[in-house]
Amino acid sequence: MARPTTVFVCSACGTESAKWHGQCPGCGAWNTLAEEARPDTRKSGPAAGRPAKPVRLAEVKAERHERLSTGIGELDRILGGGVVPGSIVLIGGSPGIGKSTLTSMALGNLQGAGRRTLYVSGEESAAQIRLRAERLPGAALEVPVLSETDLDTVLATLDAERPEVCVVDSVQTLHASALTGAAGSVGQVREVADRITRLAKARGMAVLLVGHVTKEGALAGPRVLEHLVDCVLQFEGERERTYRTLRALKNRFGSTNDVGVFEMRQGGLVEVADASARFVGEATRAPGSAVLAAMEGSRPLLVEVQALVSPSDLVPPRRIANGIDRNRLALVLAVLGRHAGVGVGTADVFVNVAGGVRVDEPGADLAVALAVASAARGVALGGGESPVACFGEVGLTGELRSVGHPDRRLAEAAKFGLDPVIAPRESGASVEAATLRDALRRALGGRSAARAA
Ligand code: TYD
Ligand code: MG
């Protein structure tokens, strides 16, 4: 009997089934079955392949990769010095964030530098891509494009054209006719990425693969591909806001510590080299504002955290967090109430990282706590004379815990003349506090701290 060429595999328990079911027949989970292609591999015996010869590591030839510069400094830096030939870079982000813009700009620069490029789009018509390219600098209009959704056609074209660098925009819009699922389904996405990867590796083409991520970082897309590709870059920010951050979540050829800040302008994305200066310059010094000395990977970045505490009739009241984790906000509010005498009770609490930047690190806790306390009391931090910078993790018992790289955070704050800096003990900051209550007292001044206590 011939084996079926596709099967449905449950992502939760691994049960295989010849037919699709809404509910997994193995574990009973819903909507976990995804289609997978199964080449016919019936062979004799459990070890049917030919043995290969292992090589001692010291004898392995490690080529130094020549890098292709995209002409976008921040992108090159995050990739570890440019695109590695033959590598697959997945660029994920929500719709409208600027993935097509960034990749068009990169290809334009590469084309301008004499590289062979190709822009494959299953999302937009060639005319739409042209309209975008007209706004972009460099040789964006010189890039050859192919508007196509059929995977076989795309692969055949790539094989015929042999670009050194190509963009495939996006992995969710291409369709492999061997599988029945709709374009964008988990099985399709995996198949598309797998076959593009194999061709690219065989021909030494670098591929920038675009993938959509929903707000929740949802599944039917990049998440299932992370292990297939060499680099995963995440483009974050909010569409309506000016600033976007690009960070490496995975990088086989460089570090994952770097973050680039971009601004969306009329002529495409512009690198923001002096992001701290921008954010500090824009900080308000009003009640509810604190400057966080954050670490974005290995790079210090000063951002303004703003809070608003406002009476509410809603039950439960609103807890809105933009740019920080919602659960971290809940934790900080609970500790403020239990251990620092700042209860926000039934009030609505809004916390926002200015500029649309996202900070995902525990070091942001203290800034959130100070901003909320300052908003709740209506008192500006440090008397409102100059912005107060801070960093530190808030523990469940109300203690302040140290976080990584205090020296770099302090150096960044000093560079922009921020004084005082409130931070945990042994951080070397001008104001060291052991507990959140202590930090509040120092930040809000004696009188309001007495009220807070
Ligand atoms: P786009 O790159 O198409 O986003 P994605 O591919 O991630 O879905 O562009 C996102 C937005 O950027 C779009 O709403 C238009 C805007 N934009 C500019 O503001 N300036 C520009 O020069 C370009 C090309 C786009
Ligand atoms: Mg796009």
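Since the structure is predicted, the reported quantities are computational estimates derived from the model, not experimental observations.

Undergrad: Explanation requested: the confidence of the model for the protein in the structure shown.
TA: Caution applies to low-pLDDT regions: their predicted coordinates should not be interpreted in detail. Chain-level statistics for the protein give a pLDDT mean of 88 and a share of 94% at 70 or above. Here residues 447-453 is modelled with pLDDT under 50, and outside its nearest four sequence neighbours on either side it reaches nine contacts, counting other chains as well.

Undergrad: Help me understand the side chain of Ser312 in this model?
TA: Topologically, Ser312 is positioned in the loop between β14 (299-310) and β15 (319-322). Side-chain polar atoms of Ser312 contact the backbone nitrogen of Leu314, separated by 2.9 Å. Here Asp348 takes part through its side chain, which lies 3.0 Å from a polar atom of the side chain of Ser312. Other than its neighbours up to four places away in sequence, Ser312 contacts Pro317, Thr346, Ala347 and Asp348.

Undergrad: Please clarify how the packing of helix α4 (residues 151-161) against helix α5 (residues 186-203) should be interpreted in this entry.
TA: The description of two helices packed together rests on the angle between their axes and the distance between the axes. As a packed pair, α4 and α5 sit with axes 11 Å apart at the nearest point and diverge in direction by 10°. Our classification of the angle between α4 and α5 gives roughly parallel. In this structure, α4 contributes Leu151, Asp152, Leu155, Leu158 and Asp159 to the contact, and α5 contributes Glu191, Val192, Arg195, Ile196, Leu199 and Arg203. Grouping the amino acids of the contact of α4 with α5 by side-chain chemistry returns six nonpolar, no polar and five charged.

Undergrad: How should I be thinking about the sheet that holds strand β3 (residues 33-37) in this particular structure?
TA: The pairing of strands in a sheet comes from backbone hydrogen bonds and takes either a parallel or an antiparallel form. What the three strands build is an open sheet, ordered β2-β1-β3; its pairing is antiparallel. The open sheet is flanked by β2 (16-17) and β3, the only strands paired with a single partner. Summarising the sheet, strand β1 (residues 6-10) and β2 pair through two bridges and their orientation is antiparallel. Paired with Val9 across the two strands is Glu16, which belongs to β2.

So, how was this worked out
- Residues numbered from 1 in each chain as written.
- Chains lettered and ligands numbered in written order.
- Predicted model: local features only at pLDDT ≥ 70, side-chain atom pairs only at ≥ 80, totals over all residues.
- Heavy atoms only, no water.
- pLDDT = per-residue confidence, 0-100.
- Contact = heavy atoms within 4.5 Å.
- Helix = DSSP H or I, 4+ residues; strand = E, 2+ residues; numbered from the N terminus.
- Polar contact = N/O pair within 3.5 Å; in protein donor to acceptor, adjacent residues only side chain to side chain.
- Axes fitted to C-alpha atoms, helices over the stretch in contact; angles between N-to-C directions.
- Parallel < 35°, antiparallel > 145°, perpendicular 65-115°, else oblique.
- Nonpolar A, V, L, I, M, F, W, Y, C, P; charged D, E, K, R; others polar.
- Pairing = 2+ DSSP bridges.

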